[in-house]
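Tertiary structure, described
Listed below are the residues making up each chain.
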Amino acid sequence: MTYLFMAGSSVTHRLHRLDQLKARIQSGEPATIRQVAEEFGVSMRTVCRDLEVLRDQGLPVEADRGRGGGIRLHRHWGIGRVNFSYAEAVDLLVSFAIAEQMRSPLFMAGMHHIRRKLMASFSQEMKQKVNRLKSRILVGPTISSTVFATFAASDPSVVKILHQTFLLQHRLKIRYRSEQQVVTERCIQPHYLLLCYPIWYVLAWDELRQDVRTFRCDRVMTAHADEKEFRLLPFNRFNRALEGLETL
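Okay, so let's go over this structure. (Residues numbered from 1 in each chain as written. Predicted model: local features only at pLDDT ≥ 70, side-chain atom pairs only at ≥ 80, totals over all residues. Heavy atoms only, no water.)

**Focus: the packing of aromatic side chains**
All chains considered together, the criterion is met by 4 aromatic pairs. Look at Tyr176 and Phe215: their rings are 4.9 Å apart centre to centre, the planes differ by 90°, and that puts the pair in the edge-to-face class. Here Phe215 lies in strand 7 (residues 211-216) and Tyr176 lies in strand 4 (residues 170-177), a separation of 39 residues in the sequence. A single burial state applies to Tyr176 and to Phe215, both of which are buried. Ring geometry for Tyr192 against Phe235: centres 5.3 Å apart, planes inclined by 80°, an arrangement best described as edge-to-face. Remark: Phe235 occurs in the segment after strand 8 (220-229) and Tyr192 occurs in strand 5 (residues 183-196); sequence separation between them is 43 residues. Here Phe235 falls in the partly exposed class, since its relative accessible area comes to 30%. Grouped by ring-pair contacts, the aromatic residues Tyr192, Phe235 and Phe238 constitute a single cluster. Positioned above the aromatic ring of Phe166 is the side chain of Arg136, whose terminal nitrogen or guanidinium carbon lies 4.0 Å from the ring centre. (Phe/Tyr/Trp six-rings, centres within 6.5 Å; stacked < 30°, edge-to-face > 60°. Helix = DSSP H or I, 4+ residues; strand = E, 2+ residues; numbered from the N terminus. Buried < 20%, exposed > 50% of the residue type's maximum accessible area, 1.4 Å probe, protein only. Lys NZ or Arg CZ within 6 Å of the ring centre and 35° of its normal.)

**Observations concerning helix 5 (residues 111-120)**
Count 3.6 residues to each turn of an α-helix, and residues three or four apart come out pointing the same way. Along helix 5, the positions that sit buried rather than exposed are Met111, Arg115, Leu118 and Met119. End-on view of helix 5: buried residues confined to an arc of 95°, all on one side of the axis. Facing away from the buried side of helix 5 by more than 90 degrees, the exposed set consists of Lys117 and Ala120. (Arc of directions from axis to C-beta.)

**Considerations on the packing of helix 2 (residues 33-40) against helix 3 (residues 44-56)**
Look at helix 2 against helix 3: their axes get within 8 Å of each other, and the N-to-C directions meet at 105°. It follows that helix 2 is roughly perpendicular to helix 3 by the angle criterion. Taken together, the residues of helix 3 that come into contact with helix 2 (itself represented by Ile33, Arg34, Val36 and Ala37) are Met44, Val47, Cys48 and Leu51. (Axes fitted to C-alpha atoms, helices over the stretch in contact; angles between N-to-C directions. Parallel < 35°, antiparallel > 145°, perpendicular 65-115°, else oblique. Contact = heavy atoms within 4.5 Å.)

Spelled out as structure tokens, the structure:
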């Protein structure tokens, strides 16, 4: 049984690596077999075998002679159907929604049509899941200069865990630094996200306070996922938590 589990994990890992390699080549960024091997933490021989698998799947990969040679797609290859995971689709569509709401006059003329074309490529189940999640992400006004003066970039490791728990509706254990610089340990349920550019806020149920609370993402010092799921509360439950947000 242990052997079967390990074998299954190895297959899953390789499939994930093949997806990453395919995306790496399709990006058009210059790459050599040696660079890709170092980037993925595998041998050049493994990269060569993976390239053969991608060729067998119909991806027209060209490679210069020698194991350290450059790899690229055939120059006549064009963009076809693109497959996204649930998390990737959500990230992309939310980015579109944010860009549209910020009303930038540059590079946004075709945004609506691109988003509609992307949604049309999804299955009905995926569309429903994406739309449900999009309803939990809101865009508000840009923060004031006073609040901006207190802004600091969030820890990438914290952002990654917050992203994961938000998608899965799992509880999150955090160390949080308040506006008064008081550090507390919290266990929260991240129900909604609100962007008041450039600050993200988490609208959450705070299990310590047994009430709704608003947390600034850049003030979350550490984060640990808890696999216990929570039931989503209606947004109107958080109206009180939003009061005075422009001063946070």
